[in-house]
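An overview of the molecular structure
Here are the chains, one letter per residue:
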Amino acid sequence: MQAGAAPRLRGALIGCGFFAVNQMHGWADLPDVEIVALCDRDPARLAQFGEQFGVTARYQDAERMLATERLDFVDIATTPPSHRALVELAARHGVAIICQKPIAPTLEDARAMVQAAEDASVLFMVHENFRWQTPILAVKQAIQAGRIGTPFWGRVSFRSGYDVYAAQPYLATGARFIIEDLGIHSLDVARFLLGDALAITARTRRVNPAITGEDVATMLLDHVGGVTSVVDCSYATPQEHEPFPETFVEIDGENGILRLGRDYRLTISGRDGTVIEDVSPPLLPWASRPWHNIQESVFNIQRHWVEALRAGGEPDTSGRDNLQTFALVQAAYLSAERGRTVRLDTL
Ligand SMILES: NC(=O)c1ccc[n+]([C@@H]2O[C@H](COP(=O)([O-])OP(=O)(O)OC[C@H]3O[C@@H](n4cnc5c(N)ncnc54)[C@H](O)[C@@H]3O)[C@@H](O)[C@H]2O)c1
C-alpha cells in the first residue's frame, strides 16, 4: 500500500456457486479490495472455491462469519430464497451489502430489505449488471450526447436457444423463469435507457415442455414522459448464429434512430447520416466467450461499488433503485395472469 492510500476494503462472499466465480475474478482485478472470507452451506463447494481463490477463512454459516470477521461489505451470491435473511443479517452487523438479482422472491421481502439497510445506514446495492455492459453503456452515451434527439420509442430484446439449464438447473424447476431471471435485466436496461416505467402489459408462454416456468415473455412498458417500449425475451428461439448473451436495443428519437445489433454493432442514423460503431466488450483475461460480455459487466459494477463505498454515495443500482425494476417483474407476472395492464402504483 502506498503511503496515505486508503486501506483495502475487506469483503466476504456468501454463496460459492456457478456465478460467484465471475465475482471472485472481478474482485481479484480490483486492487482496492480483498475478499478475506467465504461462506457456503455446502462444504464441498466451499472447500473447492476456497482452494481456487486462495481464501482460507471459510464458513458454512453466515451468522458465524459476520460475528467473527471484521468486514467492510458482504457480496451475496446465493439464490433468492436466502437473500432477505442474509441482507437483514448483514444490516444488523452494520456491514455494507451487495446482493445478486433477483433481489428477493416477493416485493414485500424486497421492500423490507431496503428498509433494513436504510435503518442500519449501510449501503445496499443489487448486482444488476446488464446496464454495466460496454454495449449498453455505449447506447446510453449516444442518447445522452443527443445523437438521436429525445427518444419516443424503444425495444430491448433478448431471444436465444442457449441451454441455460445445464449450468443453472434450478431455472428449469421454478414456477417462474424468464421474466424473473433474464427479463429482469432487460426491464432494468429499458429503465436505464428510457426512464422509469409507470405501467406494464405482459404476455407469457412456456414453449419448452421440460421446464416448469415461462420461457417466453413479451412486455409493453409505459414510461414517464410518454415513451413506450417493448421488452421481449425468449429462451425458446434457437438460431443458426446463436446470439447468447447479447441484448439487442432499438431506440427511435425525434432526430434519429439507433440500433444495437448482432456482434455488438451499434448503428446510429441521425441528421449527420449513418455511423456504424463496434461497441464490443473487451475480453478480460479470465473471461471466456460467449459469456465475456456479462463477465466484463461484473467487473464494471464491482468497480462502481468500490467507488460508491469509498465516496459514501448511493450506487446506481441501489436497493431502492432496484425496487423499481423488481416491481416491473412482479407487475409483469400479474399482468400476464390477469390479461390486463398493471400500473406500478397499485402494487
Ligand atoms: N447477474 C447475472 O448476470 C447473473 C447470472 C447468473 C446468476 N445470477 C444470480 O446469482 C445468484 C446465484 O446463482 P447461481 O446460478 O450461481 O446459483 P448456485 O446454486 O450455483 O450457487 C448458489 C450457492 O449459494 C449457496 N447457498 C445458498 N443459500 C445459502 C446460505 N443461506 N448460506 C450460504 N450459502 C448458501 C449454495 O450452496 C450454492 O453453492 C442467483 O440469484 C442468480 O439469479 C446472476
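Residues numbered from 1 in each chain as written. Predicted model: local features only at pLDDT ≥ 70, side-chain atom pairs only at ≥ 80, totals over all residues. Heavy atoms only, no water.

Comments concerning the sheet that holds strand 1 (residues 9-14)
Put simply, the test is: At least two bridges found by DSSP between two strands are what make those strands a pair. Helix and strand definitions follow DSSP, with helices as H or I runs of at least four residues and strands as E runs of at least two, each counted in order from the N terminus. Whether two residues touch is decided by their heavy atoms; if any such pair falls within 4.5 Å, the residues are in contact. Orientation is described by axes fitted as lines to C-alpha atoms, over the contacting stretch for helices, and by angles from 0 to 180 degrees between their N-to-C directions.
Taken in spatial order, the six strands line up as 3-2-1-4-5-6 in an open sheet, and their pairing is parallel. Looking at strand neighbours, the two that pair on one side only are strand 3 (58-59) and strand 6 (124-127), the edges of this open sheet. Alignment of strand 1 against strand 2 (residues 33-39), held across six bridges, turns out to be parallel. Opposite L13, over in strand 2, you have L38 as the bridge partner. Contacting strand 1, strand 2, strand 4 (73-76), strand 5 (96-100) and strand 6, helix 1 (residues 20-28) runs over the sheet at an angle of about 150 degrees to strand 2. In this fold helix 8 (residues 292-311) packs onto strand 1, strand 2, strand 4, strand 5 and strand 6, with an angle of close to 175 degrees to the strand it touches most, strand 6.

Structural notes on the UniProt feature "domain: GFO/IDH/MocA-like oxidoreductase" (unreviewed entry) in the chain
Note the threshold: UniProt positions are given in the numbering used here, feature names are shortened, and annotations may be inferred rather than shown by experiment.
Sites flagged by UniProt as "domain: GFO/IDH/MocA-like oxidoreductase" (unreviewed entry) map to residues 137-258. Taken end to end, residues 137-258 has its terminal C-alpha atoms 13 Å apart, with 20% of it in helix and 34% in strand.

Concerning unusual backbone geometry
Cis geometry marks the peptide bond from K101 to P102; its omega dihedral reads -20 degrees. Mapping P102 onto the fold places it in the loop between strand 5 and helix 5 (107-119). Here the amide bond leading from R289 into P290 is cis, since omega sits at 5 degrees, within 30 degrees of zero. When you line up the elements, P290 lands in the loop between strand 14 (273-278) and helix 8. Here the phi dihedral of D263 falls at roughly 55 degrees; this positive angle occurs in a residue that is not glycine. Along the polypeptide, D263 turns up in the loop between strand 12 (256-261) and strand 13 (265-270). Even without being a glycine, Y264 presents a positive backbone phi close to 60 degrees. Position of Y264 among the secondary structure elements: in the loop between strand 12 and strand 13.

Things to note about the domain arrangement of the chain
Inclusion rule: As used throughout, domain bounds are those supplied by an automatic or database domain assignment. Summed over both partners, buried area is the accessible surface (1.4 Å probe) that two parts give up on being assembled. For this analysis, a salt bridge means a side-chain nitrogen from Lys or Arg found within 4 Å of a carboxyl oxygen belonging to Asp or Glu.
Taken domain by domain, the chain consists of domain 1 (9-122) and domain 2 (131-288 + 324-346). For domain 1 and domain 2, the distance between their C-alpha centroids amounts to 28 Å. Contacts between the two partners involve 14 residues from domain 1 and, on the opposite side, eleven residues from domain 2. For the pair domain 1 and domain 2, the summed buried area comes to about 1,000 Å², and 72% of that belongs to carbon and sulfur atoms. Interface area lost by domain 1 to domain 2 is led by F18, K101 and L107, which between them contribute 42%. Inspection of the domain 1/domain 2 interface yields one salt bridge. Note that K101 and D181 form a salt bridge whose closest N and O atoms lie 3.2 Å from each other.

Points about the environment of A331
Spelled out, the test is: For each residue, the accessible area found with a 1.4 Å probe, counting protein chains only, is set against the maximum for its type, and the residue is called buried under 20%, exposed over 50%, and partly exposed in between.
Mapped onto the secondary structure, A331 falls in helix 9 (residues 319-338). Residue A331 is classed as buried on the basis of its relative accessible area, which comes to 0%. Here the alpha-carbon distance between A331 and S186, two residues 145 residues apart in the chain, equals 15 Å. Once residues within four sequence positions are removed from consideration, A331 is found in contact with I200, V342, L344 and L347.

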